[in-house]
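Take a look at the letters that make up each chain.
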Amino acid sequence: MSGIGVRIAGTGSAVPEQRLTNHDLASMVDTNDEWIVQRTGIHERRIINQEAGESQLTLATSALERALADASMQGSDLDLIINATVSSDMTCPSTAHRIANELGAAPVAAFDMQAACCGFVYAMNLADSLIRSGRHKAVGVIGCDAMSTLVDYEDRSMSILFGDAGGAAVLTADDNPTLGCIHQVIEGDGNGWESLYIPRKQRDVVPGAVGEHIKLGCLRMDGRSVYKFAVNKFINVIQDAFESTGLTVDDVSQVICHQSNIRMINSAKEKLGLPDDKVYINIDKYGNSSAGSVGLCFDQLRKEGRINTGDTIIMVAFGGGMTWSSGVWQL
Ligand code: UT7
């Protein structure tokens, strides 16, 4: 370990005002509140208002702006911005550069990162490594997705699941080397990528793909396959975080899980004996916001005073790729 530690100087998050409830969805596709709540734990999700100019850019910018304010810092203090997302407004330039521009951060290194729902956890881990290497001193990390721009609202198997949100953190170099990420996993396996993908052209559509609803530019998901893969992977990744660090449940204040499906989170809680008050749930209000979910939970927990300086926390996620990731943080 280098002599450099990493401090989380501030966090922020942003969710759109506009709510999309299960009842709203039931008037759009053949579904109902009871099915959605039972199978996912979701009651409503937030959706950007594109006509009013909201986008992944505006959500991500707000989240980082709030994290900077929380850290009593300005955009110009950052030397790197990582924007983890699958819903960038444009592929060129990176949205990270436009966020930097909005926040007056220049010159600055900036890039978008695609790791689907793992985005925030991947980006936090990477930022920690870059700071410890001495390469960067102040990094703005954003996990943010405007999934409503990618969802086919005529497809009930998916439209019920996703929402829009962003979470951000500002990480700074610290003299205390024990602060920061003390264990991290960034992994994936491309085998199975076709269970979650966004075809842009007809040729991207997986041969034999079922469904009358193939809309280019919209997310396609084999929910059952993803569930089967993720339910065990989730448990293994959390278990590994405990075993690799020698920590027990009593040592950590929160296990922050990607808000994918309440049944998956409950299954992990049950198998690993995690108490309710250490596993934050907000999927009921925000749905699955992909790269936004862990950062949103992290910020809400900090703002509620449930995570404090000195605490040890675990972040864990899985997503398209397939990807999985964890980070154990000493705050
Ligand atoms: O963040 C990472 C990305 N993705 C995920 O984490 C998703 C993981 N997967 C899931 O969360 C679940 O698979 C879903 C919530 C997407 C679906 O739940 P499920 O329990 O796996 O349902 P299913 O796809 O097996 O469908 C069960 C039944 C089917 O009817 P039959 O064939 O049993 O008659 C579906 O047609 O439920 C039907 N169904 C619905 N019914 C009402 C599917 N979607 C709906 C719906 N409303 N929205």
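Here, every reference points to the structure presented above.
Scoring rules and cut-offs
- Residues numbered from 1 in each chain as written.
- Predicted model: local features only at pLDDT ≥ 70, side-chain atom pairs only at ≥ 80, totals over all residues.
- Heavy atoms only, no water.
- Axes fitted to C-alpha atoms, helices over the stretch in contact; angles between N-to-C directions.
- Helix = DSSP H or I, 4+ residues; strand = E, 2+ residues; numbered from the N terminus.
- Parallel < 35°, antiparallel > 145°, perpendicular 65-115°, else oblique.
- Contact = heavy atoms within 4.5 Å.
- Nonpolar A, V, L, I, M, F, W, Y, C, P; charged D, E, K, R; others polar.
- Salt bridge = Lys/Arg side-chain N within 4 Å of Asp/Glu carboxyl O.
- Buried < 20%, exposed > 50% of the residue type's maximum accessible area, 1.4 Å probe, protein only.
- Near = heavy atom within 4 Å.
- Polar contact = N/O pair within 3.5 Å; in protein donor to acceptor, adjacent residues only side chain to side chain.
- Areas by Shrake-Rupley, 256 points an atom, 1.4 Å probe, with all protein chains shown as cover.
- Pairing = 2+ DSSP bridges.
- Disulfide = S-S within 2.5 Å.

**Q** Describe the packing of helix α5 (residues 119-132) against helix α10 (residues 292-303), with residues and values.
**A** As a packed pair, α5 and α10 sit with axes 6 Å apart at the nearest point and diverge in direction by 70°. Judged on the interaxial angle alone, α10 and α5 are roughly perpendicular. Between α5 and α10, the contacting residues are F120, V121 and M124 on the first element and V294, G295 and F298 on the second. Of the residues that constitute the contact of α5 with α10, the class distribution is five nonpolar, one polar and no charged.

**Q** Just give me the short version of the pattern of salt bridges, but keep the residues and values in it.
**A** Tallied over the entire structure, the rule returns 11 salt bridges. With a shortest N-O distance of 2.8 Å, D128 and R132 are connected by a salt bridge. Of the two residues, D128 and R132 both sit in helix α5, four residues apart, roughly one turn of that helix. Considered together, D128 and R132 belong to a single accessibility category, that of buried residues. Among the salt bridges present, the one from E154 reaches K215, with a minimum N-O distance of 3.5 Å. In this pair, E154 sits in the loop between β6 (138-146) and α6 (156-159) while K215 sits in the loop between β9 (196-197) and β10 (220-221), placing the two residues 61 residues apart along the sequence. Judged by its relative accessible area of 34%, K215 falls in the partly exposed class.

**Q** Give me the lowdown on the site of the ligand, citing residues and values where you can.
**A** Around the ligand, the surrounding shell holds 23 residues, and the nearest of these are T31, R39, R224, N261 and N288. Side-chain polar atom of R39 to an oxygen atom of the ligand: 2.8 Å apart, as the coordinates give it. Here the ligand has 950 Å² of accessible area as a free molecule, and 76% of this is covered by the chains. Secondary structure elements with two or more residues in the shell around the ligand: α2 (33-40), α6, α7 (223-245) and α8 (262-272). Broken down by element, the shell around the ligand gets its largest block of residues, four residues, from α7. The residue makeup of the shell around the ligand, split by class, is 10 nonpolar, eight polar and five charged.

**Q** Quick one: what's the story with the sheet that holds strand β13 (residues 323-330), residue by residue and with numbers?
**A** One open sheet holds the four strands; their spatial order is β8-β13-β12-β11, and the pairing between them is mixed. The sheet is open, and its two borders are formed by β8 (180-188) and β11 (254-257), each paired with just one other strand. With strand direction ignored, the average angle separating the axes of adjacent strands in the sheet is 10°. As paired elements, β11 and strand β12 (residues 312-319) share four bridges and run parallel to each other. Paired with C257 across the strands is V316, a residue of β12.

**Q** Requested: an account of the sheet that holds strand β5 (residues 109-113), with residues and values cited.
**A** Pairing is mixed in the open sheet, where five strands are placed in the order β1-β7-β6-β4-β5. The strands lining the two open edges of the sheet, one partner per strand, are β1 (5-14) and β5. Averaged over all pairs of adjacent strands, the angle between their axes in this sheet comes to 15°, without regard to strand direction. As paired elements, β6 and strand β7 (residues 164-174) share nine bridges and run antiparallel to each other.

**Q** So, the side chain of T312: which residues are in play, and what are the values?
**A** Along the polypeptide, T312 turns up in strand β12. In this structure the side chain of T312 is engaged in a polar contact, spanning 2.8 Å, whose partner is the side chain of Q330. Ignoring any residue separated from it by four or fewer positions in sequence, one finds T312 in contact with L247, D251, V252, S253, Q254, V328, W329 and Q330.

**Q** Any chance you could break down the state of the cysteines for me, citing the residues and the numbers?
**A** A complete count under the given rule lists zero disulfides for this structure. In this structure C117 is a free cysteine whose sulfur lies 7.3 Å from that of C118, the closest cysteine sulfur available. What makes C117 buried here is its relative accessible area of 8%. Its sulfur unpaired, C144 is 13 Å from the next cysteine sulfur, which belongs to C117. Given a relative accessible area of 0%, C144 falls into the buried group.

**Q** How would you sum up unusual backbone geometry? Please name residues and give values.
**A** That bond from A106 to P107 is cis: its omega, -5°, falls within 30 degrees of zero. Relative to the helices and strands, P107 is located in the loop between α4 (95-102) and β5. For the bond running from G321 to M322, omega is -10°, close enough to zero to count as cis. Within the secondary structure layout, M322 lies in the loop between β12 and β13. Phi is positive for S72, which is not a glycine, with a value near 55°. Positionally, S72 belongs in the loop between α3 (56-70) and β4 (80-84). Overall, S72 belongs to the exposed group, its relative accessible area being 69%. If you check the backbone angles, A116 has positive phi at about 50° while not being a glycine.

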